[in-house]
Amino acid sequence: MKLSSPLLSFLLNFLLGFAWAFVFASAIITFYLYVEVGIIFALFAALVATLPGLFFVLFIEYFFMKQAHLNELEKQTELLETLVSQSFSKV
């Protein structure tokens, strides 16, 4: 997602990629550690191990969503201000 600041955009996109990498790495590593115990237990352990990474992914995506919503509200405010100024100039 493109944000107003290129540095912030790069940082958040990097953190989002790192969070996804953490999700996949923790799932694979945990699965291979517990596969000797049992396949069902290994799948469950891998699912539990991915939860912290998925939390960070959701947190960063929520930030992106709120930022996009804020940008849309700023555009709407600017358009409404121009409409109001045009309507008062006609009177």
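So, here is what we can say about the structure in this document. Please read these numbers as outputs of a predicted model, since none were measured by experiment. Numbers given for residues are sequential positions, taken from 1 along each chain in its written order. In keeping with the predicted nature of the model, local features appear solely for residues at pLDDT of at least 70, side-chain atom pairs appear and are counted solely at 80 or more, and the whole-chain, interface and lining totals rest on all residues. Derived side-chain values reflect all non-hydrogen atoms in the structure, with water molecules and hydrogen atoms excluded from consideration.

**Brief notes about the overall build of the protein**
In this description a helix means any DSSP run of H or I spanning at least four residues, a strand means any run of E spanning at least two, and both kinds are numbered starting from the N terminus. The helix and strand inventory of the protein stands at 2 helices and 0 strands. Relative to its length of 91 residues, the protein is extended, with a C-alpha radius of gyration of 22 Å against a globular reference of 12 Å. Viewed in the frame of its principal axes, the protein has a C-alpha envelope of about 80 × 25 × 10 Å. Accessibility here uses a 1.4 Å probe with only protein chains present; expressed as a share of the type maximum, an area under 20% marks a residue as buried, one over 50% as exposed, and anything in between as partly exposed. Relative to its 91 residues, the protein shows a buried fraction of 20%. Throughout, a residue-residue contact means that at least one pair of heavy atoms, one from each residue, lies within 4.5 Å. Residue pairs in contact within the protein that sit at least 24 positions apart in sequence constitute 58% of those at least 6 positions apart. In the protein, the 4 positive side-chain charges and the 6 negative ones have mean positions that sit 11 Å from each other. Radius of gyration here is computed from C-alpha atoms only, and the compact-globule reference equals 2.2 Å multiplied by the residue count raised to the power 0.38. The charged-residue count follows a simple rule in which Lys and Arg add positive charge and Asp and Glu add negative charge, with His and chain termini not counted at all. Just so you know, the charge point we use is NZ for Lys, CZ for Arg, CG for Asp and CD for Glu.

**Digging into the packing of helix α1 (residues 6–34) against helix α2 (residues 39–90)**
Only the stretch in contact is used when a helix axis is fitted, and all axes are lines through C-alpha atoms; the angle between N-to-C directions ranges over 0 to 180 degrees. Where α1 meets α2, the closest approach of the two axes is 7 Å, and the angle between their N-to-C directions is 175 degrees. Classified by the interaxial angle, the pair formed by α1 and α2 is roughly antiparallel. Residues were grouped as follows: Ala, Val, Leu, Ile, Met, Phe, Trp, Tyr, Cys and Pro as nonpolar; Asp, Glu, Lys and Arg as charged; and all remaining residues, including Gly, as polar. A breakdown of the residues in the contact of α1 with α2 according to their chemical character gives 24 nonpolar, 5 polar and 1 charged. Angular relationships are summarised with four words: roughly parallel below 35 degrees, roughly antiparallel beyond 145, roughly perpendicular across 65 to 115, and oblique for the angles in between.

**Side note on α1**
To estimate how far a helix should extend, the number of its residues minus one is multiplied by 1.5 Å. An ideal rise of 1.5 Å per residue puts 42 Å on 29 residues; α1 measures up with 42 Å between its terminal C-alpha atoms. Every buried residue of α1 is listed here: S9, L12, L16, A19, V23, S26, A27 and T30. Turning to α1, the residues buried within the fold contact α2.

**Considerations on the environment of E74**
Note on placement: E74 falls in helix α2. Given the relative accessible area of 46%, E74 is considered partly exposed. E74 sits 69 residues away from S5 along the chain, and the two C-alpha atoms are 16 Å apart.

**Overview of the nonpolar core**
With 8 residues, the main nonpolar core is built from L3, L12, L16, A19, V23, V57, I60 and F64. Counting only elements with at least two residues in this core, the list comes to α1 and α2. The dominant element in this core, judged by the number of residues it contributes, is α1, at 4 residues. Definition of nonpolar core: a set of buried residues of the types Ala, Val, Leu, Ile, Met, Phe, Trp, Tyr and Cys, connected through side-chain atoms within 4.5 Å.

**A look at the pattern of salt bridges**
Salt bridges are counted wherever a side-chain nitrogen of Lys or Arg sits within 4 Å of a carboxyl oxygen of Asp or Glu. Tallying each qualifying case throughout the model produces 1 salt bridge. The partner of E72 in a salt bridge is K75, and the shortest N-O contact between them spans 3.8 Å. Taken as a pair, E72 and K75 lie in helix α2 at a separation of 3 residues, close to a single helical turn.

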